[in-house]
Protein chains: 2
Amino acid sequence: MSNLKDNIPAELPQEVFTDLLVAEGVRIERILSQGHSSPASGWYDQDEHEWVLVLEGAGELTFENGDKVQLRAGDYLNIPAHTRHRVSWTDPEQRTVWLAVFYR
Amino acid sequence: MSNLKDNIPAELPQEVFTDLLVAEGVRIERILSQGHSSPASGWYDQDEHEWVLVLEGAGELTFENGDKVQLRAGDYLNIPAHTRHRVSWTDPEQRTVWLAVFYR
């Protein structure tokens, strides 16, 4: 058994990506952000679908078509493969913990 | 966008199982428990693997080999397919919210 709060650094100069489960066809990742936006330039354009949940904190996703979605604790969203998007904002005042389930 | 707290009943006379995502090869489910154990008799014996996370509250899993695992908020665990187990206890004093990712 493990805990989502395991191995959280005291400071987050960069986003931290941690695999919680890697299996055939599914990967579960914890993402820690604080004031970050990503990727540095351009868009995420993924071969896998992504179901993403904000566990604490707050973030904003922007999609290529201009849609913006603000997510707070408990909010979740499904992002189909090759739906170009970016993390356009995360709260600089607190840690944001994302849980992302990537699947084919 | 949806929220994990959507459609939570005020009382939980029975456990509540809600699909948050259903896709080919993966299913994400929210489970609400309060003082329940399940299944009523015997074991869960699943064709799918299950990655399970406790988001709030507390529960205990018992495995066929006698192992018991207590989970509190943030604890997660992977249960391979056909690993017989049951939910032997959930906290009667508060709601327990589980997130379960079933995959093949």
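Residues numbered from 1 in each chain as written. Chains lettered and ligands numbered in written order. Predicted model: local features only at pLDDT ≥ 70, side-chain atom pairs only at ≥ 80, totals over all residues. Heavy atoms only, no water.

In the annotation of an unreviewed UniProt entry, the entry for chain A reads Cupin domain-containing protein, and the organism field reads Marinobacterium alkalitolerans.

**Remarks on the overall build of chain A**
The condition is simple: Segments assigned H or I by DSSP are reported as helices when at least four residues long, segments assigned E as strands when at least two residues long, and all are numbered from the N terminus. As a reference, a globule follows 2.2 Å times the number of residues to the power 0.38, and the radius of gyration itself is taken over C-alpha atoms. Note on contacts: a residue pair is in contact if any heavy atoms of the two residues lie within 4.5 Å. Only the protein chains shown count as cover for residues, with accessible areas throughout obtained via the Shrake-Rupley method and a probe of 1.4 Å. Counting rule applied: Lys, Arg positive; Asp, Glu negative; His and chain ends not counted. Where a charge lies is defined by one atom per residue type, namely NZ (Lys), CZ (Arg), CG (Asp) and CD (Glu).
Helix and strand counts for chain A stand at zero helices and nine strands. When its helices and strands are written in sequence order, chain A yields β-β-β-β-β-β-β-β-β. Taking 2.2 N^0.38 as the reference for a compact globule, 104 residues should give roughly 13 Å; the C-alpha atoms of chain A span a radius of gyration of 13 Å, in line with that estimate. Taking the principal axes of its C-alpha atoms as reference, chain A extends roughly 35 × 35 × 25 Å. Sequence separation of at least 24 residues holds for 64% of the intrachain contacts in chain A that already meet a minimum separation of 6. Accessible surface, chain A: about 5,200 Å² in total, of which carbon and sulfur atoms supply 44%. Of note, chain A has its 9 positive side-chain charges centred 1 Å away from the centre of its 17 negative side-chain charges.

**Re the relation of the copies chain B and chain A**
Here is the rule: Only residues with pLDDT of at least 70 in both copies contribute their C-alpha atoms to the least-squares superposition of the copies.
Here chain B sits on chain A after a turn of 180 degrees about the axis and a move of 0.0 Å along it, with an RMSD of 0.0 Å. The two molecules are tied by a two-fold rotation axis, judged by turn and shift. Interface overlap between copies is the fraction of interface residues in one copy that are interface residues in the other; for chain B against chain A it reaches 100%, indicating a shared surface.

**What about the side chain of histidine 85 of chain B?**
Using the following cut-off: Pairs of N or O atoms are called polar contacts if they sit within 3.5 Å, as long as, within protein, a hydrogen donor faces a hydrogen acceptor (for residues adjacent in sequence, only side-chain-to-side-chain pairs).
Relative to the elements of secondary structure, histidine 85 of chain B occurs in strand S8 (residues 85-90). Polar contacts involving the side chain of histidine 85 of chain B include one to the main-chain carbonyl oxygen of threonine 83 of chain B, which spans 2.8 Å.

**Side note on the sheet that holds strand S5 (residues 58-63) of chain B**
Residue and element names in this part refer to chain B. The criterion, for reference: In this analysis, strands are considered paired if DSSP registers two or more bridges between them. Lines fitted to C-alpha atoms define the axes, with helix axes restricted to the stretch in contact, and inter-axis angles between N-to-C directions lie between 0 and 180 degrees.
Spatially, three strands are ordered S6-S5-S8 in an open sheet, and the strand pairing comes out antiparallel. Looking at which strands have only one partner, the edges of the open sheet turn out to be strand S6 (68-72) and S8. Adjacent strand axes in the sheet meet at a mean angle of 25 degrees, parallel and antiparallel pairs treated alike. Pairing geometry for S5 and S6, over five bridges, is antiparallel. Note on S6: the bridge partner recorded for threonine 62 is lysine 68.

**Observations concerning the environment of asparagine 78 of chain A**
Within the secondary structure layout, asparagine 78 of chain A lies in strand S7 (residues 75-79). Along the primary structure asparagine 78 of chain A and valine 97 of chain A are separated by 19 residues, whereas in three dimensions their C-alpha atoms are 17 Å apart. Among all residues touching asparagine 78 of chain A, those that are not within four sequence positions of it are Glu50, Trp51 and Tyr103 of chain A together with Leu21 of chain B. Side chain to side chain, asparagine 78 of chain A and tyrosine 103 of chain A meet in a polar contact 2.8 Å long.

**Looking at the UniProt feature "domain: Cupin type-2" (unreviewed entry) in chain A**
Let me state the cut-off plainly: UniProt positions are given in the numbering used here, feature names are shortened, and annotations may be inferred rather than shown by experiment.
Within this structure's numbering, the places UniProt gives as "domain: Cupin type-2" (unreviewed entry) are residues 45-102 of chain A. Taken end to end, residues 45-102 of chain A is 0% helix and 64% strand, and its two terminal C-alpha atoms sit 13 Å from one another.

**Digging into the pairing of S5 of chain B**
All names here are of chain B. Counted only if it meets this: Buried residues are those whose accessible area, probed at 1.4 Å on protein chains only, stays under 20% of the maximum for their type, while exposed residues exceed 50% and partly exposed ones sit between those limits.
Along S5, six of the six residues are buried, which leaves the element largely enclosed by surrounding structure. Taking the residues that link successive antiparallel strands as the turn, the S5-S6 hairpin has four residues, and the phi of glycine 66 there is positive, at about 100 degrees. Strand direction decides the pairing type here: S5 and S8, joined by five bridges, are antiparallel. Its bridge partner being in S8, glutamate 60 is matched across the sheet by tryptophan 89.

**With respect to the nonpolar core**
Stated formally: Here, nonpolar core means buried Ala, Val, Leu, Ile, Met, Phe, Trp, Tyr and Cys residues that are tied together by side-chain atoms lying within 4.5 Å of each other.
Ile28, Trp51 and Leu99 of chain A together with Ile28, Trp51 and Leu99 of chain B are the most contacted members of the largest nonpolar core, which has 22 residues in total. When residues of this core are traced back to their parent elements, those giving at least two are strand S2 (16-23), strand S3 (26-33), strand S4 (49-56) and strand S9 (96-103) of chain A together with strand S2 (16-23), strand S3 (26-33), strand S4 (49-56) and strand S9 (96-103) of chain B. In this structure isoleucine 28 of chain A touches Thr18, Asp19, Leu20, Leu21, Leu99, Ala100 and Val101 of chain A together with Trp51 and Val101 of chain B, once residues within four positions along its chain are discounted.

**Thoughts on the interface of chain B and chain A**
As a reminder of what qualifies: Once two parts are put together, the accessible area they lose, assessed with a 1.4 Å probe and summed over both, is termed the buried area. The residue classification treats Ala, Val, Leu, Ile, Met, Phe, Trp, Tyr, Cys and Pro as nonpolar and Asp, Glu, Lys and Arg as charged. All others, Gly included, are polar.
With 26 residues of chain B at the contact, the number on the chain A side is 26 residues. Summing both sides of the interface, chain B and chain A together bury roughly 2,100 Å²; the carbon and sulfur share of this comes to 71%. Three residues, Met1, Trp51 and Tyr76 of chain B, lead the burial of chain B against chain A; their summed loss comes to 29% of the area buried on that side. Inspection of the chain B/chain A interface yields eight residue pairs in polar contact (both at pLDDT 80 or more). For the side of chain B that touches chain A, the secondary structure elements donating two or more residues are strand S1 (2-3), S2, S3, S4, S6, strand S7 (75-79) and S9 of chain B. A per-element tally of the side of chain B that touches chain A places S7 of chain B first, with four residues. Taken together, the residues of the side of chain B that touches chain A sort by class into 18 nonpolar, five polar and three charged.

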